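A closer look at the structure
What follows is the residue order along each chain.
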Amino acid sequence: MKTSPHLRLRPDVLSRDLLASVVVFLVAVPLCVGIAVASGVPAELGLVTGIVGGLLVGAMPGSALQVSGPAAGLTVLVYEAVTHHGVGALGILVLATGLLQITLGAVGVGRWFRAISTAVVHGMLAGIGLVLIASQLYALVGVDAHGNGLDNLAGLPELITGSLSGSPAVSSCAIGVGTIAVLLLWKRLPGSLPRLLPGPLVAVGLATLAVAVLNPPVATIEVRGLIDSLDLTGLGDVEMLADPALLGVVLAFTLIASAESLFSAAAVDRMHDGPPTHYNKELIAQGAGNTVCGLVGALPMTAVIVRSAANVQAGARTKMSRILHGVWLLLFAALFPAVLELIPVAALAGVLIHAGGKLVPVAMVRTLWREHRGEAVVLATTALAIIATDMFMGVLVGIGAAVVKTAWETSAVRVEVEERDERTLVALSGSATFLRLPLILDTLEAMPKDRPVEIDLSRLRHVDHACRTALEAWTVQNNAGLRGTPDPAPRETALVATAPSGDAAAADRGDR
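Now for a quick tour of the structure. (Residues numbered from 1 in each chain as written. Predicted model: local features only at pLDDT ≥ 70, side-chain atom pairs only at ≥ 80, totals over all residues. Heavy atoms only, no water.)

**What about the environment of Asp464?**
This is how it is decided: Only runs of H or I of at least four residues qualify as helices and only runs of E of at least two qualify as strands under DSSP, and these elements are numbered from the N terminus. Nitrogen and oxygen atoms within 3.5 Å of one another constitute a polar contact, given that in protein one can donate a hydrogen and the other can accept it, and given that sequence-neighbouring residues count only through two side-chain atoms.
With respect to the secondary-structure elements, Asp464 resides in the loop between β5 (453-463) and α21 (465-483). Distance in space between the C-alpha atoms of Asp464 and Ala432 is 6.6 Å, their sequence separation being 32 residues. Only 2.7 Å separates the side chain of Asp464 from the backbone nitrogen of Cys467, close enough to count as a polar contact.

Rendered as C-alpha cells:
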C-alpha cells in the first residue's frame, strides 16, 4: 500500500480514507469508553483523548497511518494515580508527560526508544494485561476491586466463591462472559461481515441490546456530559509536581506511552509500503496530544496498535482517515451522549479482559523459552515485578534484568587448561569481566600444586579492571604463599598479558 501526498486529491483515495475512518471510529468507541471507566474517570474523558488523538495527532507528521487514543496499556497506572492522588491530579500528570515527550523528541531521543529490549516491552505489556484482567474480573461481577495487582489476584478465589451467589452478580457475569464469547467467535464467522463490523462494537452492542430487552439488575455507565467532565489544568496544579511520587508517575507515563507508541509505529510500518515513521516527529506529535489532553484533564494517549491495524486493513491511504475518525468521535460525544448510559459496565469489563489477554504474549514466551531462554526470563521478570510492585518499578526491574543478561552474555570467557612439559598453561579468550571471575578463579585454584602456572591473557578481546586486578592479586598471593613453604619444588605463577588486540589493548593500557 503506497501512501503519497498527491494521493490526497484523488476521489478514490478520499473514499477509501472515509470508509477506513468509519471502521476505526467503530473500533475506538467501546475501547475509549471502556478504558476510561476502568481507569476510574468519567467515560467521556476517554472519548476526549480519542478526539485529540484524531484531530491533533492525526494531522501532525510522524507516522502516516497509526491511530492514537487511550490505551489499555496505561489503564492500570492511571487507575493507581487517580486512586492515590485524585482525578484532579490527572491533568498535570498528563500535561507534564506531554511536555517531556516534546522535549525528548526535539533533542532526538525518539529513535533511542527503539533500543529498549523487546523482552522488557512485552513483559511490561504482559504485566499490564494480567493486572488489567485481575481488576476487570471484579467489574465483571459488579463489585469493587481490592486495589493493587497482588491483592486482586489473592482475592479471586473469594470472588468466585462468594460474589456469584447473588442475582445481580450472576446477571452481570453473564453479560460480561457473553461479551467475551462474542469477541472470541466474531472473527471466526464466515463471510465478509466480521471484516465490515469490528468485534468490540458488535459485542458491546449485543450486550446493550440484551440489557435493554431483559432489564437485568446490572450497572450501566454514568454520564456527566462532555463539557462537565473536563477539568482544566491551571497554574496552581504545577505545585503538585513537587511530590516525588507524582514525578515517578510522570516518568512512568512517559516511558510506557513513548515506548508503546514507537513500537506500534514500527509494527504499522511493516503493514504498508508507504513512507516510514519519523520517530522523533512521532514522539513530538504524541507529546503535543498529551499536552492538550493534560490541559483539559483527559486520559493520556499512545498510538494504539489495534486501531492502527484496523485503519491499515480497512484501506486507509493518508492521514485523512485518522483525522476523520476524530471528527466522528467528536460528533458522537456531542450529539449522542445518552447512548453511553445504556452500555452495561460488565460489557466493557469483558472488552478489557479480552484486550488484556491479547497483551500477554503466550506464543512469544513459548518461542523465547525454546530459542532465547534469557529473553524469556527478562520478560517474565518484568511482568512479575509489575504485578508485585507497580508499573514504574516493574519496568525499572525489567530494564535492570535486561542489562544484567546482556552483560552476562557479552562477558563470555573461555578458559583452556593445557599441560606443557613441567608447567600448566591457562589461556583465557573472549571477554574477561567481573561477572566471570568466579569461574576463572575456581579454575586457577584447581591447578596442580607441583608445577608452575602460566596465565595467558593475549587472546582476550577485553579485560576489565576488576578482572585484571583479581588475577594480579591471585598471582602475587599464590607466589608469596609458595615462597614461605618448604616445598622443594614450589609452584610459580606467571601472568602473561602480551598486547591483546582491539578493546582489550585499550583496556590494558588504561588499567596500567
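**Focus on the layout of surface pockets**
As a reminder, the rule being used: Cavities and pockets were defined on a 1 Å grid built from protein atoms only: a cavity is a group of points that admits a 1.4 Å probe but offers it no way out, a pocket is an open group of points flanked by protein on both sides within 12 Å along at least five of seven lines, and a lining residue is one with an atom within 4 Å of any such point. Grid points are joined across faces, edges and corners, and a volume is the space filled by probe spheres set on the points. Polar here means any residue other than Ala, Val, Leu, Ile, Met, Phe, Trp, Tyr, Cys and Pro, which are nonpolar, and Asp, Glu, Lys and Arg, which are charged; Gly is therefore polar.
Roughly 1400 Å³ of volume is contained in the largest pocket. Looking at the lining of the largest pocket residue by residue, the classes come out as 33 nonpolar, eight polar and six charged. When its volume is computed, the second largest pocket comes out at roughly 960 Å³. Elements represented by at least two residues in the lining of the second largest pocket include exactly α1 (11-38), α3 (75-85), α5 (118-140), α6 (149-154), α8 (167-186) and α16 (345-359).

**Concerning the pattern of salt bridges**
The following threshold applies: Salt-bridge detection follows one rule: a side-chain nitrogen of Lys or Arg within 4 Å of a carboxyl oxygen of Asp or Glu. Buried means the residue's accessible area, taken with a 1.4 Å probe over protein chains only, is under 20% of the maximum for its type, while exposed means over 50%, and partly exposed covers the values in between.
One pass over the full model with this rule turns up three salt bridges. The salt bridge involving Glu375 is made with Lys405; its shortest N-O contact spans 2.8 Å. Here Glu375 is found in helix α18 (residues 373-388), whereas its partner Lys405 is found in helix α19 (residues 391-410), with 30 residues between them in sequence. Comparing Glu375 with Lys405 shows no difference in burial state: the two are buried. One network of salt bridges, with partners in common, ties together Arg414, Glu416 and Arg459.

**Focus: α5**
Note the cut-off: One less than the number of residues in a helix, times 1.5 Å, gives the span that helix is expected to have.
With 23 residues, α5 extends 32 Å from end C-alpha to end C-alpha; this agrees with the ideal 33 Å at 1.5 Å per step. Downstream of α5 by a residue or two, Gly142 has a phi angle that is positive, lying close to 80°.

**Quick notes on the side chain of Gln136**
Basically, it comes down to this: Any two residues whose heavy atoms approach within 4.5 Å are treated as being in contact.
Relative to the elements of secondary structure, Gln136 occurs in helix α5. When residues no more than four places from it in sequence are discounted, the contact partners of Gln136 are Ala38, Ala349, Leu352 and Ile353.

Without other data, these values stay purely geometric and don't point to any function.
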